[in-house]
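Here's the letter readout for the chains.
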Amino acid sequence: MSRSLVFARRRARFFDGMKEGVALLFATPEAAYSHDVHYRYRPDPDLFYLTGFTEPEAAAVLDADLRTFTLFVRPKDRSKETWEGRRSGPEGAVRDHGADRAYPFGDLSKRLPDLVRRAHVLHYVFGAHAEGDRIVASLLARFRRETRNPKRGPATVADPTDLLHAMRLVKAPEEIVLMERSAVIAVAAHREARRLAKPGLFEYQLEAAIDSRFRAMGASGPAYPTIVASGENATILHYTENRRRIGAGDLVLVDAGCEVDGYASDVTRTFPASGRFTRPQRRLYDAVFSAQRAAIAAVRPGTPWDTPHEAAREVLLDALLEVGILRGRRAVLKKKNAAQRFALHHTSHWLGLDVHDRGRYRDEAGAPRKLEPGMVLTIEPGLYVRADEKGVPKEYRGLGIRLEDDVLVTEAGARVLTESAPK
Ligand code: GLY
Ligand code: MN
Ligand code: MN
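What you are looking at is a predicted structure, and each value in this text was computed from that prediction instead of being measured.

Chemist: I'd like a description of the overall build of the protein, backed by residues and values.
Modeler: The secondary structure content of the protein amounts to 13 helices and 19 strands. C-alpha atoms of the protein, sized along the principal axes, occupy 80 × 50 × 40 Å. Expressed as a percentage of its 423 residues, the buried residues of the protein come to 53%. When the accessible surface of the protein is split by element, carbon and sulfur atoms take 51% of a total near 19,900 Å². Looking at charge distribution, the protein has the averaged site of its 67 positive side-chain charges lying 3 Å from that of its 57 negative ones.

Below, the structure is given as structure tokens:
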């Protein structure tokens, strides 16, 4: 399927879901890194999902009644393109991105009233884009003023988030291909880190090897700041300083994933820097490993999304009791969710165009969503015994262990996309 057909089909499904009205989506603004230098630009995942358009200063108007797609984009500009890079321009937006019409972004406020006036519903997410909010508020204010115009603009503003994110949650085959590629590259980077790691190296040296492998294999870069956490740094969940020298008896926790055409991988491995676990390290590692296996075994269509989490928690609770980190009656500890003090985070999140991908985990009544083929979620149990933790055996203090894989729900059950990163 051609790339533009992929996006056209997504828009068609979005139109069906909208039922009526006009949707308005804005590109993420560029973010300043230093006064006139920007961070690497990351397109808004929702706009990208529906259009494939990746430039800043853009807006899409999607009309479900007419089933048309209008793009507002940066105009061609020879001088700016010389300094900042190529632009599609309105011509390219029509030619390459399947827009029915395209105009310069600067014309948006002028053209928007006529594009929206007929609609009964405006699908727009307030609170996500400051300039967009301003443009929409003044559009609605203008309609309110036009008391003599028989078409007074939309009476309803509806949030398209649930619809869009429910679509994003179930990956189509062309998305799975990209997620598989993202997983393959992440696995290669983890293998590289494992090969290089030894006591005496600095955490940033492993980070450099990982991020270099990402780029060398064609990923756009890390999907989130690469975590290389040695020793007790591994008890900081999103540790990113990466500047400590790895010690001889340390565990090293590496949480690193990359981005391929927008799609994230998210993988964690924990291993002894020296190649050999100490006994307490081994006991906790085995607990996390078993918890992960139990959780992965629970992934299949029709299962509530948090069943794998519960399976992992059972195993972790048993292990915490066995090693004496928790003491007391199992039933009581389970009721109090006592494992939480050391397990800290949930076992899973959705994965896709966002590393913590969008989409609801529960329905309106609070019931957990059921897994469906095409969903991708992480399975990432962990145990973290902070160095200042009171009342736990000394030998476990300062240990942090997480194992994280990316799991695709299939018709038959599940496929672990990142299995070949060594455990
Ligand atoms: N790397 C962030 C996470 O595992 O959720
Ligand atoms: Mn994760
Ligand atoms: Mn992670």
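Chemist: Quick rundown of the sheet that holds strand 15 (residues 376-379)? Include the residues and the values.
Modeler: As summarised here, the arrangement of the three strands in space is 15-18-19, forming an open sheet in which the pairing is antiparallel. Looking at the sheet topology across the chains shown, the edges are occupied by strand 15 and strand 19 (414-416). The mean angle between the axes of side-by-side strands here comes to 30 degrees, regardless of whether they run parallel or antiparallel. Sheet topology places strand 15 next to strand 18 (residues 405-409); four bridges connect them, and they run antiparallel.

Chemist: Explain a nonpolar patch on the surface to me, using residue names and the numbers behind them.
Modeler: Taken together, the side chains of Y33, V37 and Y39 define a hydrophobic patch exposed on the protein surface, amounting to about 350 Å² of accessible area. One can find Y33 in strand 2 (residues 32-34). Residue Y33 is classed as exposed on the basis of its relative accessible area of 57%.

Chemist: Please provide a residue-by-residue account of the coordination of the manganese ion (ligand 2), values included.
Modeler: The manganese ion (ligand 2) binds to the protein through D266 (OD), H349 (NE2), E380 (OE) and E404 (OE), with metal-donor distances spanning 2.0 to 2.2 Å. Coordination at the manganese ion (ligand 2) is irregular: its six donor atoms span angles of 52 to 155 degrees at the metal. Along the chain, the residues that donate to the manganese ion (ligand 2) are spaced as D-x82-H-x30-E-x23-E. Owing to a relative accessible area of 4%, D266 belongs among the buried residues under this scheme.

Chemist: Go over the coordination of the manganese ion (ligand 3) with me, naming the residues and quoting the values.
Modeler: D255 (OD), D255 (OD), D266 (OD) and E404 (OE) make up the full set of protein donors to the manganese ion (ligand 3), lying at 2.0 to 2.4 Å. All donors of the manganese ion (ligand 3) come from a single chain, and their spacing in sequence reads D-x10-D-x137-E. Here the manganese ion (ligand 2) and the manganese ion (ligand 3) are spaced 3.4 Å from one another, each receiving a donor from D266. Highlighted residues: D266 in the loop between strand 13 (263-264) and strand 14 (267-272) and E404 in the loop between strand 17 (399-402) and strand 18, separated in sequence by 138 residues.

The rules behind the values
Residues numbered from 1 in each chain as written. Chains lettered and ligands numbered in written order. Predicted model: local features only at pLDDT ≥ 70, side-chain atom pairs only at ≥ 80, totals over all residues. Heavy atoms only, no water. Helix = DSSP H or I, 4+ residues; strand = E, 2+ residues; numbered from the N terminus. Buried < 20%, exposed > 50% of the residue type's maximum accessible area, 1.4 Å probe, protein only. Areas by Shrake-Rupley, 256 points an atom, 1.4 Å probe, with all protein chains shown as cover. Lys, Arg positive; Asp, Glu negative; His and termini not counted. Charge placed at Lys NZ, Arg CZ, Asp CG, Glu CD. Pairing = 2+ DSSP bridges. Axes fitted to C-alpha atoms, helices over the stretch in contact; angles between N-to-C directions. Patch = residues over 30% accessible without salt bridge, like charges linked within 9 Å, V, L, I, M, F, W, Y side chains within 5 Å. Salt bridge = Lys/Arg side-chain N within 4 Å of Asp/Glu carboxyl O. Donors = N, O, S within 2.8 Å, 3.2 Å for Na, K, Ca; no water. Tetrahedral: all angles 85-135°; square planar, octahedral: opposite > 155°, others 65-115°.

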